[in-house]
Amino acid sequence: MDKVFNSEASIASAKKALSVFEENIMATANSTTNDLHETLSKLDDKYKNEIVEFTEQINVFVRRVNSFVAENTKALEQREKRIVEYDSNSYKKRNIL
């Protein structure tokens, strides 16, 4: 997070990127899980167990993504609250000549 520029626009952009990332992951995970469940009824018991395990792994991944997005959204919100403080303490380029 330290390399993100401290402006309202950059923080809003980072929040939007996190949101799009989460939406895309959720759409892909839901689509894959639905496709696997549709296929499940057509498979032997041997393969059903493997598919169930795979869908559980997808669910674990989705929870990790949710956690990642929540942590980073919280960090961005904290940074957003301190923008004025960052601006007052930031390096200001000066012409000496």
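Preceding block: the structure.
Given the structure is predicted, the values throughout are model-derived calculations rather than measurements.

Draft legend 1. Inspection of the overall build of the protein at higher detail. Across its full length, the protein carries 3 helices and 0 strands. Along the protein, from the amino end to the carboxyl end, the secondary structure elements read α-α-α. Scored against the burial criterion, the 97 residues of the protein give a buried share of 19%. For the protein, the proportion of contacts with a sequence separation of at least 24, taken over those separated by at least 6, is 73%. Total accessible area computed for the protein in this model is approximately 7,900 Å², and 53% of it derives from carbon and sulfur atoms.

Draft legend 2. View of the packing of helix 1 (residues 8-40) against helix 2 (residues 45-81). Interhelical geometry of helix 1 versus helix 2 gives an angle of 170° and a closest axis separation of 10 Å. Classified by the interaxial angle, the pair formed by helix 1 and helix 2 is roughly antiparallel. By residue class, the composition of the contact of helix 1 with helix 2 is 19 nonpolar, 7 polar and 6 charged.

Draft legend 3. Looking closely at the nonpolar core. Within the largest apolar cluster, 7 residues are counted, these being Ile11, Leu18, Ile25, Val65, Val69, Leu76 and Ile83. Of all elements in the fold, only helix 1 and helix 2 reach the threshold of two or more residues within this core. By size, the runner-up hydrophobic cluster in this structure holds 6 residues, among which are Ala29, Leu40, Ile58 and Val62.

Draft legend 4. How the structure looks around the packing of aromatic side chains. Inspection of every chain in the model, using the stated rule, returns 1 aromatic pair. With a centroid separation of 6.1 Å and an interplanar angle of 75°, the aromatic rings of Phe21 and Phe68 are classed as edge-to-face. Separated by 47 residues along the polypeptide, Phe21 in helix 1 and Phe68 in helix 2 bring together distant segments of the chain. Judged by its relative accessible area of 41%, Phe68 is partly exposed.

Procedures and definitions
- Residues numbered from 1 in each chain as written.
- Predicted model: local features only at pLDDT ≥ 70, side-chain atom pairs only at ≥ 80, totals over all residues.
- Heavy atoms only, no water.
- Helix = DSSP H or I, 4+ residues; strand = E, 2+ residues; numbered from the N terminus.
- Buried < 20%, exposed > 50% of the residue type's maximum accessible area, 1.4 Å probe, protein only.
- Contact = heavy atoms within 4.5 Å.
- Areas by Shrake-Rupley, 256 points an atom, 1.4 Å probe, with all protein chains shown as cover.
- Axes fitted to C-alpha atoms, helices over the stretch in contact; angles between N-to-C directions.
- Parallel < 35°, antiparallel > 145°, perpendicular 65-115°, else oblique.
- Nonpolar A, V, L, I, M, F, W, Y, C, P; charged D, E, K, R; others polar.
- Core = buried A, V, L, I, M, F, W, Y, C linked by side-chain atoms within 4.5 Å.
- Phe/Tyr/Trp six-rings, centres within 6.5 Å; stacked < 30°, edge-to-face > 60°.

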